[in-house]
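# Residue-level structural notes
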Amino acid sequence: SRKRVITRATTFDEYSPGISTDLAYSDTKLGDETEGPTAKPNDIITVQYSGRLLSNGKQFDAGVISFKLGSGRVIPGWDVGLQGMQIGGQRTLRIPPNLAYGRSGAGGGVIPPNADLEFDCELKGISSGVGAEVMAALGLGLNPRTGVLVVFLLLVSWLSYGVTFPE
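Residues numbered from 1 in each chain as written. Predicted model: local features only at pLDDT ≥ 70, side-chain atom pairs only at ≥ 80, totals over all residues. Heavy atoms only, no water.

Moving on to the overall build of the protein chain. The helix and strand inventory of the protein chain stands at 3 helices and 5 strands. Counting helices and strands in the order they occur from the N terminus, the protein chain gives β-β-β-α-β-β-α-α. A buried classification covers 37% of the 167 residues belonging to the protein chain. Across the protein chain, the fraction of contacts at a sequence separation of at least 24, relative to all contacts at a separation of at least 6, is 60%. Approximately 10,200 Å² of the protein chain is accessible, and the part contributed by carbon and sulfur atoms is 55%. (Helix = DSSP H or I, 4+ residues; strand = E, 2+ residues; numbered from the N terminus. Buried < 20%, exposed > 50% of the residue type's maximum accessible area, 1.4 Å probe, protein only. Contact = heavy atoms within 4.5 Å. Areas by Shrake-Rupley, 256 points an atom, 1.4 Å probe, with all protein chains shown as cover.)

The structure is reproduced here in structure tokens:
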């Protein structure tokens, strides 16, 4: 039997599909370092992304998603690879199977088992607090107009249950 050698990617260009077990990333555009925070675990972040198979470049998904960073709602490669980004930053992630969908693959075969993936990501927003968590859980993103609508609907439903305010 052949023994598989596992190496770690030290730079983006050294990433080896089928061999690397650590993610690699390249910042293609840095966010605004003078204004705003960096993404850290427990922040609610909004990311615009496109994902493709590293083996053939075929895009399998694209969109915008909001989630709590480090919560396990997304693949581990995202939970680790998006940390430290700032709003407006763009980063390409190369993610090995062990930090993606592993032996099971995903999407009914769209992402085959043991696939290395590549994502182009742009950090659109960082937030925290209960309101941000509710909006992320509902998949509403960090759009301020959507946030106002959600707060309004929550207030209306709260008041409709006969909640009274102390005098």
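If you walk across this open sheet you meet the 5 strands as β1-β4-β5-β2-β3, and the pairing is antiparallel. On the outer flanks of this sheet lie β1 (24–29) and β3 (59–68), each paired with one strand and no other. Each adjacent strand pair in this sheet contributes to an overall mean axis angle of 20 degrees, direction not counted. Of the strand pairs in this sheet, β1 and strand β4 (residues 90–95) are connected by 5 bridges, and their pairing is antiparallel. Bridged to S26 within β4 is T92. (Pairing = 2+ DSSP bridges. Axes fitted to C-alpha atoms, helices over the stretch in contact; angles between N-to-C directions.)

We now examine the nonpolar core. Counting residues in each nonpolar core, the largest one holds 25 residues, and the members touching the most others are I45, V47, W78, L82 and F119. Of the residues forming this core, the biggest block, 5 residues, is contributed by strand β5 (residues 117–127). (Core = buried A, V, L, I, M, F, W, Y, C linked by side-chain atoms within 4.5 Å.)

All right, on to the pattern of salt bridges then. Taken as a whole and judged by the stated rule, the model has 6 salt bridges. Here D27 and R91 are joined by a salt bridge, their closest N and O atoms 2.6 Å apart. One end of the pair, D27, is in strand β1; the other, R91, is in strand β4, and 64 residues separate them in sequence. With a closest N to O distance of 3.0 Å, E118 and R52 form a salt bridge. (Salt bridge = Lys/Arg side-chain N within 4 Å of Asp/Glu carboxyl O.)

Averaged over every residue, the pLDDT of the protein chain is 80; residues scoring 70 or more account for 69%. Looking over the protein chain, one finds the lowest element-wise mean pLDDT in helix α3 (residues 144–160), namely 56, and the highest in strand β2 (residues 44–53), namely 95. (pLDDT = per-residue confidence, 0-100.)

Moving on, we get to the environment of V64. Along the chain, V64 turns up in strand β3. When its relative accessible area of 58% is taken as the criterion, V64 is described as exposed. Residues V64 and S50 lie 14 residues apart in sequence; the distance between their C-alpha atoms is 8.9 Å. Those residues in contact with V64 that sit more than four places away from it in its chain are T46, V47, Q48 and Y49.

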